[in-house]
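Residue-level structure breakdown
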Amino acid sequence: MSDSQTLVQAEHAHPPYQRHHFGSMEQQVDATSFAMWLFLLTEIMFFGGMFTAYLIYRNWYYPAFVAGSHQLSMLWGTLNTSVLITSSFTMAMGVWSAQMRKKRLLLFFLVLTFVLGIIFLGIKSIEYTEKIEKHHVPGFHYSVQSFVNPATDPVAVAAGDKPLPLDMARHTEIYFSLYFLLTGMHALHMIIGVSILAFMIFRAKAGAYTNGHVTFVENFGLYWHFVDIIWIFLYPLLYLISRHQ
Amino acid sequence: MSEHNEQLVHDEATEGHIVSPKVYVAIFLTLLFFTGLTAAASYIEMGPFNAIVALAIAVTKATLVVLFFMHIKYSPKLTKLTVGSGIFMFLVLVAMTLSDYFTRAWGRW
């Protein structure tokens, strides 16, 4: 091998997962995480529009929002918040395992994150079932009974709700529309996240991500934490509007 | 492939800054503490401050997640600037929209 050939080979030495249009691995990693953050910013704007709609209607029909919020279960809501925060922690540990090239540990944390995501969706479906049974899903079958006549609803009695005038009671339908819109879009993001996690578990089993190329795990982690942050805001805005009145 | 990798163990540029699990555990426990705190705070009558306290705790939790779980504290300046300007832009849009809606009826009653 001639000297010039050796030189070319030395200059060309880079990991097999480095794309050729990047000058260095550092540049590739920075560019990828930059792109991921740009995507997350579009997601912030997407959820931001719904949050703004929520804030406007909450300001206009506050008593309806308080009564609607009292219909949500503190137990399920707080439990689900803890489940999601725990899943964020296990995901962060998954990224660490990939960086440390610990394959078994990475698999363990990915599976744990997957299971916690499924538990979150399970609890969410229990809550949705309660809303369907009480006719609190906006539409033709929506019932204002719990708000016009709270004495007939044990949940409203426990919260100490006073009867709302009919026009204000009807605005609880706006609260529940926003509740289903926000939690529904959040749940859709969870379903997408859990699906990608399942794919990652199979790939990780085959030895991916623990060979030094952690970009996919790292950026999926960003997505998962972002979905967690959305819930961190949904929890106080939907469940905790006013528990004291 | 494996020959390459052995030379590249824990390459900072390739694998990013590695955050210690101790930091993750500390952040995790803080987040759980704030969840309990915000739930408890909603049962105390504070007038308009209930909403402010709830949002302040949510913003604190989100900041912790962004800084540590999402590694922004250890990211290059470009990423920090992207996140900062994006959130700033979002706040401008929300503030402008709300200032419109909340003041439409001023002077009409």
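Our subject is the structure that appears above.
Here's a quick rundown of the structure. Just so it is clear, the structure is predicted and the values come from calculations on it, not from any experiment.

Rules of the game
Residues numbered from 1 in each chain as written. Chains lettered and ligands numbered in written order. Predicted model: local features only at pLDDT ≥ 70, side-chain atom pairs only at ≥ 80, totals over all residues. Heavy atoms only, no water. Helix = DSSP H or I, 4+ residues; strand = E, 2+ residues; numbered from the N terminus. Buried < 20%, exposed > 50% of the residue type's maximum accessible area, 1.4 Å probe, protein only. Contact = heavy atoms within 4.5 Å. 1 Å grid on protein atoms, 1.4 Å probe; cavity = no way out; pocket = protein on both sides within 12 Å on 5 of 7 lines; lining within 4 Å. Points joined across faces, edges and corners; volume = space filled by probe spheres on them. Nonpolar A, V, L, I, M, F, W, Y, C, P; charged D, E, K, R; others polar. Phe/Tyr/Trp six-rings, centres within 6.5 Å; stacked < 30°, edge-to-face > 60°. Domains from an automatic or database assignment. Polar contact = N/O pair within 3.5 Å; in protein donor to acceptor, adjacent residues only side chain to side chain. Buried area = accessible area lost by both parts, 1.4 Å probe. Patch = residues over 30% accessible without salt bridge, like charges linked within 9 Å, V, L, I, M, F, W, Y side chains within 5 Å. Areas by Shrake-Rupley, 256 points an atom, 1.4 Å probe, with all protein chains shown as cover. Salt bridge = Lys/Arg side-chain N within 4 Å of Asp/Glu carboxyl O.

So, about the overall build of chain B. For chain B, the count of helices and strands is five helices and zero strands. Reading the helices (α) and strands (β) of chain B from amino to carboxyl end gives α-α-α-α-α. Within chain B, the fraction of its 109 residues that count as buried is 34%. Of the contacts made within chain B by residues no fewer than 6 positions apart, 50% connect residues no fewer than 24 positions apart.

Right, let's get into empty space enclosed by the protein. Under the defined criterion, the tally for this structure stands at one cavity of 30 Å³ or more. Approximately 50 Å³ is the volume attributed to the largest cavity. Forming the walls of the largest cavity are Leu240(A), Thr38(B), Ala41(B), Ser42(B), Met46(B), Asn50(B), Val53(B) and Ala54(B). Elements with a contribution of two residues or more to the lining of the largest cavity: helix 3 (21–41) and helix 4 (49–69) of chain B. Here the lining of the largest cavity takes three residues from helix 4 of chain B, the largest share from any one element. Partitioning the lining of the largest cavity into residue classes produces five nonpolar, three polar and no charged.

One non-glycine residue, Tyr209(A), lies in positive phi territory at about 75°. Inspection of the secondary structure puts Tyr209(A) in the loop between helix 9 (172–205) and helix 10 (215–239). Despite not being glycine, His71(B) shows a phi value in the positive range, around 65°. In this fold, His71(B) is placed in the loop between helix 4 and helix 5 (77–103). By relative accessible area, His71(B) is classed as buried at 8%.

Residue and element names in this part refer to chain A. Under the defined criterion, the tally for this structure stands at 27 aromatic pairs over all chains. Seen in terms of ring centroids, Trp60 and Tyr61 are 6.2 Å apart; in terms of plane orientation they differ by 70°. Their pairing is edge-to-face. Of the residues examined, Trp60 reaches a relative accessible area of 39% and is grouped as partly exposed. The interplanar angle of 20° and the centroid separation of 6.0 Å between the aromatic rings of Tyr209 and Phe216 together place this pair among those described as stacked.

It is worth spelling out the layout of surface pockets at this point. Estimates place the volume of the largest pocket at around 670 Å³. Along the wall of the largest pocket there are 25 residues; nearest its centre are Ile229(A), Phe233(A), Ala62(B), Ile87(B) and Phe90(B). Broken down by element, the residue count for the lining of the largest pocket peaks at seven residues, all from helix 2 (residues 25–60) of chain A. In terms of residue class, the lining of the largest pocket is built from 23 nonpolar, two polar and no charged. When residues of the lining of the largest pocket are sorted by domain, at least three fall in each of domain 1 (2–75) and domain 2 (76–109) of chain B.

The next subject is the side chain of Thr82(B). When you line up the elements, Thr82(B) lands in helix 5. Classification of Thr82(B) as buried rests on a relative accessible area of 8%. Within the local environment of Thr82(B), its side chain forms a polar contact with the backbone oxygen of Leu78(B), the two atoms lying 2.6 Å apart. When neighbours within four sequence positions are excluded, Thr82(B) is seen to be in contact with Phe34(A), Leu38(A) and Leu41(A).

So, on to the interface of chain A and chain B. Listed per partner, the contact involves 56 residues of chain A and 55 residues of chain B. In this assembly, chain A packs against chain B so that about 4800 Å² is buried in total across both faces, 77% of it on carbon and sulfur atoms. Among the residues chain A hides against chain B, the three largest losses belong to Trp37(A), Gln99(A) and His244(A). Together they make up 14% of the total. For the pair chain A and chain B, the interface holds two residue pairs in polar contact (both at pLDDT 80 or more). Those elements that provide at least two residues to the side of chain A that touches chain B are helix 2, helix 4 (74–99) and helix 10 of chain A. Examining the composition of the side of chain A that touches chain B, we find that 19 residues originate from one element, helix 2 of chain A, more than from any other.

Side chains of Met45(A), Met89(B) and Leu93(B) sit close together on the surface and give an oily, nonpolar patch of about 250 Å² of accessible area. Take Met45(A): it is sitting in helix 2. For Met45(A), a relative accessible area of 30% puts it in the partly exposed group.

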